Each structure stands twice: as C-alpha cells, then as structure tokens.
Amino acid sequence: MDLKDKLVSSFLAFENNVDVHNPVHDVRTEAIKNFETKGFPSKKEEGWKYTSLNSLQKIDFSIFPKKESTLEYKDVKKYFIHQIDTYKIVFVDGVFSSNLSETTHDGVDICLMSSALTKPMYKAVIDVYFNKVASKDESLTTLNTAFSREGAYIYIPKNKLPKKPIEIIHFSTGNDTALMLQPRNLVIAEENAEMQIIERHQSLTSNAVLTNSVTEIFAAKNAIVDYYKVQNDNDAASLIDNTYVDQKDGSHVKIHTFSFGGKLLRNNLNFYQNGERIDSTMKGITIIGEKQHVDHHTLVHHIEPNCESHQDYKGIFAENSTGVFNGKIIVDKIAQKTNAFQQNNNILVSDKATINTKPQLEIFADDVKCSHGCTIGQLDEEALFYLQSRGIPKKEARALLMYAFANNVLESVRIPELKVRINKLIANKLGVNLGFDL
Amino acid sequence: MLKIKDLHASVEGKGILKGINLEVGAGEVHAIMGPNGSGKSTLASVIAGNETYEVTKGDIFLNGENIEDLSPEERAHNGVFLSFQYPVEIPGVSVTNFMKTAINESRKAKGLEDMPAKDMLKLIRDKSELLEIDRKFLSRSLNEGFSGGEKKRNEIFQMAMLEPKLAILDETDSGLDIDALRIVANGVNKLKSKDNAIVIITHYQRLLEYIVPDYVHVLHNGKIVKSGTKELALELEEKGYDWIKQEAAV
C-alpha cells in the first residue's frame, strides 16, 4: 500500500480515538477529503519542481507509534538550550512527555494542543483560531489538519509576556522502524503580548522519520513573536514544516530557520499582513552537505498599506547537497507604501552541489519599495590566500570565510545562549575549531 | 634567510617572472623597485605561496629549505609574512578574532597550546599601541570599510602580532597620507632586528626615506636588471625608469 492510501485508511482508525462529535472533527473530515483528492504533491507542480517526495512515499511509515517511550532528561539534555530556564513542551514519538516538559497556566497558557482541542474552557479560542490561517487546500497542510490532535498550544493574553522562552521539542526514539509524525501547533499572541519560541525536531536513532508539521501563529495588534527553528536532525529524518502567520496592526513576527541537518527539509513559511505598520521578518542559515536537501519556500502577502517585510537567507552547499529558495512577495493594489526586501545569497563549495533560487514578486500597488537579490558564488580565492598567508590552514580558512558569509543572520537572534548554540552548531558543521568562541 | 635562484613564474600560461636571482640575509632591508607591470607583486605573491601563480622553473629557499612544496600557511608558520597591496575585506570576522585564529593556528602547527586569553589581550594591546590603532578598530570586521591607510596600518599590525622572519611589504606606502606613512614606517622600524629581514616592494622612493634599505634592486620585465645601495633609489626617483629600460634593452 502506498503512503497516501495508508494515511487515508488510517483515518478510520484515528476516528476511533477522537471525539467525532467535536466540531473540530468536521474540520478534520473536510481536510482528509482534500488530501484524498490531491495526494502528495508531485514534481509536476511548480512549487515542488525541485523537491521530490517520491522516495519518502516508498517507506512504510507507521502512522501511529506502536508503543510509548520515555526518555530521561540527562540523555537528551544537550538538545535543550539548557543554559537558560525555559518552558518546555516536549513530545516523544508524538506523545506528550510530562517528565521532560514544563508547561504553565500561570497567566498564560503554554500547554498541549490535545487539551485545547478537547476541553470546553479552550473552545472559544479554538473556534476563533484553529485552522483559520492554515491553508485549506494545500495537500500536506490538510493532511496534517486531518490528523491534528497533538502539539504545542500557546496562548499569551493581552499585555502579557511569559517569564521565559518556550522550547518545543519533538523526539523520536526509533521504536518503530519508520515513523510519521504530524504535530500541530497553535500560537496566539494577543494585543501587546510578546514571546520567544525555540522549536526543534530530533531523531535519536537511524530509523526513518518523516515529520509533517503545521504551525499557526496569530499576532494581534502590536504583539511580538520571535520564533527560532533549529533544524539539525540526523540524516534519516525528514521534515516538512508548514507555518502560517496572521498579523494584525503594528505586530512584529520574526522567524529564524537554521538548517544544518536532516535528509530532506522543506520549509513553507507563509505570512499574511492583515493590518498596517506590520513587520514580518524571515531569516535563515542553511549549511548542508552529502546528499542533504533543503527547500525554503516563503510567502509574504502584503494586504494592507504601510507594512514591511524582510527576508535574508544564506546558504552554503557542499558535496552533493541541493538547495531551493523560492521567495514569493505579493503586494495588493491597496498595499501602498509597502517596503519589501528579500535577499538570498549562496555559496557552492563543491562542483556537485546545486541551488535553485527564485524571487517571485507580484506587485499590484504603484507606490512601493521592493528589492530582491539572489547570488550564487564560490569562496573568494584571494580571501582564502589572504587568510592562509596569515598561517590559517586552508580548511579553517574556508570555514572562517563561510562563517563570515552567514553570520550577519545571527545578529537578530535575541537569546544570547541560543546564539552561542547556533555558533557551535555552525562550527561543528564546518568541522573546525577556529580558536575563538564563535 | 631568503635565497631565490633563477625563478620563473607564470599566470595562465603567461610568463611574468623570467629568471629572478636574489639573496636576502638576516638583519637586512631590501627594496625592490620597478615600473608598473614589471612583476614586483607577482614576486611577492610567489614567495608567499599564492597558487594562482605557477612556478615553472627555479627555486626559493628559506633558511636553506626549499619551500616550493609548502602551502601558504606552512610558509607563514616558517616565518614568511606578506603585507598585501590590496588587503581583502572579510565582513563578519573581527580583527581581534582573526588575529586570535592566526596566532593560535601558527602555535598549533608548532605543537604549542593556544595562547592564554590574558597574554593574547596584552599582545594585542601592545602591538596596537605600536601602530597607534584605536581599540574600537579591533572589534570591527577585518578591513571592511577601512580607509586605504587603515588597511595598511592593519597589515603592519598583523606583522607585529605574527613576528615574521621574512616580511614582504607589497606597496605598503600606496594610499597612505604622510602621517599614516610615518606611523607605518615607525612600526616597521621597531620590528626590524638582526634576526629578521624585510623586503619592501615599491614604485616610489617615498617610503624608503623612512625605512632605509641596505640594498635596492630594480625589476624590469620579470628580471632584476640592476642592484645597488639606497642611492640607486634616489637616482630612480630623479630620472624615472626609462633609462633602466633602455639600459636593459641594450
């Protein structure tokens, strides 16, 4: 049975374990119909021209974990930003892990989607926000919606700021020879609320994992959301991240994506600016090698006037790795005085690495500033010689140049300990110790 | 210290150096002068190991060892330093971090531990004072947005930090105003000792008023066509290079 058929037929089993009379289930039922009609996206579709899901569909993934696993904090501590105190929402093989988590209801809700979707006290919020910004026809999003049951639920009321950053971590233990996970996150920042989120997916064995994640983020008037995606999984793990952001007047949402590990990574980040004076920022560093594949698809839809968007993606591709950047900016006719900036710079370190980069601007307003730039280059030989002539060996010199190329993306990371961690991951990925703390 | 024998080098098949012979002893300062395109910068790059140039014939010895097969970093570890005519801008790496990496990599190559942070700071402080470099300057990205003078001063600062045995200064005076020239020359003079050697590559005599050479060589069309003492530099300043070209043609 192919993966699509398996998923569709698993929906029946899924229904045995959820409340089918909950209105949420009507949303799921609609969604599975859409997925059943559309199936997995193929390379014939423009948006999937350079990313193939064919080989993943040949793997016999378990749709539900066969048994529950527990992990000890000491064994997985290194995956947390353990230098600082954080709220933690942790899942093991898709199941909430209470011993690794630290949730709260103290003025803010930092807890579980499974509670939010089933408990009456959350109904009012779920009615307003659940599946409201996520696509209702993109097939992988609807697949996730159909199986939506668990994930992180974060609700920050008006004028509130959680005491500490929030970490969302999904571990997979390899209990199943191949496991598909579909976390569903809902993040709501009410007026003037603020939060910082660090998200990570981490497989602990070499068994195959496919994660198809959907995150909905709602930022009300003047809210601030900083979202950091740390993608450094092992080479048997693949991730499709579908993130949808709805912004209102004066809100600032920043998403940083650090893509270093994983077999196949697809990031679909979609921003909708439903208000004025909004700032949407997307930044990314991709450093991959071997046969890794990273695909960034971004969308910013400027719907109202006087808003800004900033995109800055840096990519370094070694060995046989492949990269994709597709940045779409839509400026509606009424969205005058829009400032939209997009930058994608790439370095190919090997003759066999590939990057396909495409800015896609659809501008219907006439008084806007939109700029975009894509570059693809190699390391500068003259700069390499300069560093070598100072006694820095070629390998370290190359690494230093690559680090220098990417590191301005880190300037906007507002959690210093996270910045240190990312620097270490970069140094590890480049295989060097540069004699100073990156 | 440095011995160059019948050195030929080319870039993309085009011969640039056509039989250079040069000997530089410890404690000596040599100036290599010559018109544009005579091969001065190529000679500097080839000594430092730039792989853009192919050595087609001849040998370079450093302290008796043939360095032909050494990489640029290995040459640096053996005491070769090149002050670049056009220092490369490296955004994202501060001057301080760059120097830490350079020094510790050289130490690693010699089997030494990293320099303790305290010693490193002191070294950086002492050497930046020597070149009259402001502390703020050290946290800026390497050469990024530096003026011509700042770049050259930063080159000599690096030389002071790395304490090379053989320093080659490639057009270090170009782009310097008179104050910067004085500071740079003063720095170089303080670094000069009986154990190291300095090769100054320059088009003009100006720098040589401040760093007085023991020997002056004139490079023309890939060959040293005339050698002499510092008086030769003055003569060149006065008469230009045409008479050298004519003499060489005879």
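Residues numbered from 1 in each chain as written. Chains lettered and ligands numbered in written order. Predicted model: local features only at pLDDT ≥ 70, side-chain atom pairs only at ≥ 80, totals over all residues.

1. Observations regarding the sheet that holds strand E12 (residues 223-228) of chain B
Residues and elements named next belong to chain B. Quick reminder of the rule: Two strands make a pair as long as DSSP finds a minimum of two bridges between them. Per the convention used, a helix needs a DSSP run of H or I reaching at least four residues, while a strand needs a run of E reaching at least two, with both numbered from the N terminus. For every element, the axis is a line fit to its C-alpha atoms; helices are fit only across the contacting stretch, and the angle between N-to-C directions ranges from 0 to 180 degrees.
Read across the sheet, six strands follow the order E6-E9-E10-E3-E11-E12 without closing on themselves; strand pairing throughout is mixed. Here the strands that pair on one side only, and so sit at the sheet edges, are strand E6 (80-83) and E12. Taking the axes of each pair of neighbouring strands and ignoring which way they run, one obtains an average angle of 20° across the sheet. Relative to strand E11 (residues 215-220), strand E3 (residues 29-33) is paired through four bridges, and the arrangement is parallel. Bridged to Ile32 within E11 is His217.

2. Notes on the packing of helix H2 (residues 23-38) of chain A against helix H7 (residues 139-146) of chain A
Helix-helix packing is characterised by the crossing angle of the two axes and by the distance between the axes. Residue and element names in this part refer to chain A. Counted only if it meets this: If an angle is under 35 degrees, it is roughly parallel; if it is over 145, roughly antiparallel; if it lies from 65 to 115, roughly perpendicular; otherwise it is oblique. Here is the rule for handedness: rotate from the far helix to the near one, and if that takes an anticlockwise turn smaller than a right angle the crossing is left-handed, while a clockwise turn gives right-handed. Note on contacts: residues are paired as contacts if their backbone-placed C-beta atoms lie within 7 Å. Classification convention: Asp, Glu, Lys, Arg as charged; Ala, Val, Leu, Ile, Met, Phe, Trp, Tyr, Cys, Pro as nonpolar; all other residues, Gly among them, as polar.
Where H2 meets H7, the closest approach of the two axes is 7 Å, and the angle between their N-to-C directions is 140°. By the criterion of interaxial angle, the relationship of H2 to H7 is oblique. Every pair of crossing elements has a handedness; the one defined by H2 and H7 is left-handed. Residue-level inspection shows Val27, Arg28, Ala31, Ile32, Asn34, Phe35 and Lys38 of H2 in contact with H7, the latter providing Ser139, Thr142, Leu143, Thr145 and Ala146. For the contact of H2 with H7, the per-class residue count stands at six nonpolar, four polar and two charged.

3. What to know about H2 of chain A
Residue and element names in this part refer to chain A. To keep it simple, the criterion reads: To estimate the expected span of a helix, subtract one from its residue number and multiply by 1.5 Å. For every residue, the other C-beta atoms within 10 Å of its own C-beta are counted; 20 or more classify it as buried, 12 or fewer as exposed, and values in between as partly exposed. C-beta atoms are placed from the backbone. As used here, the arc is the angular range of directions from the helix axis to the C-beta atoms.
For H2, which comprises 16 residues, the first-to-last C-alpha distance of 24 Å matches the rise-based estimate of 22 Å (1.5 Å per residue) to within 8%. Of the residues making up H2, those classed as buried are Val24, Arg28, Ala31, Ile32 and Phe35. Looking down the long axis of H2, one finds its buried residues gathered within 100° of arc, a one-sided arrangement. For H2, the exposed residues lying more than 90 degrees away from the buried face are Pro23, Asp26 and Thr37. Contacts made by the buried residues of H2 are with helix H1 (3-15), helix H5 (113-118), helix H6 (123-129) and H7.

4. Some details on the domain arrangement of chain A
When the parts of a complex come together, some accessible area is lost, and that lost area is often used as the size of the interface. All names here are of chain A. Condition: The start and end points of each domain follow an automatic or database-based domain assignment.
Parsing chain A into structural domains produces domain 1 (3-274) and domain 2 (384-438). Its C-alpha centre places domain 1 at a distance of 31 Å from the equivalent point of domain 2. Facing the 13 residues of domain 1 at the interface are 10 residues of domain 2. Every element with two or more residues in the side of domain 1 that touches domain 2 is listed here: strand E8 (194-203), strand E10 (224-232) and strand E12 (252-261). If one sorts the elements of the side of domain 1 that touches domain 2 by residue count, E12 sits on top with four residues.

5. Concerning the interface of chain B and chain A
Taken together, the contact between chain B and chain A spans 26 residues of the former and 22 residues of the latter. When contributions to the side of chain B that touches chain A are tallied by element, the ones reaching two or more residues are helix H2 (72-77), strand E7 (90-94), helix H3 (95-109) and helix H6 (148-162) of chain B. Residue contributions to the side of chain B that touches chain A peak at seven residues, all from H3 of chain B. Taken together, the residues of the side of chain B that touches chain A sort by class into 12 nonpolar, 10 polar and four charged.

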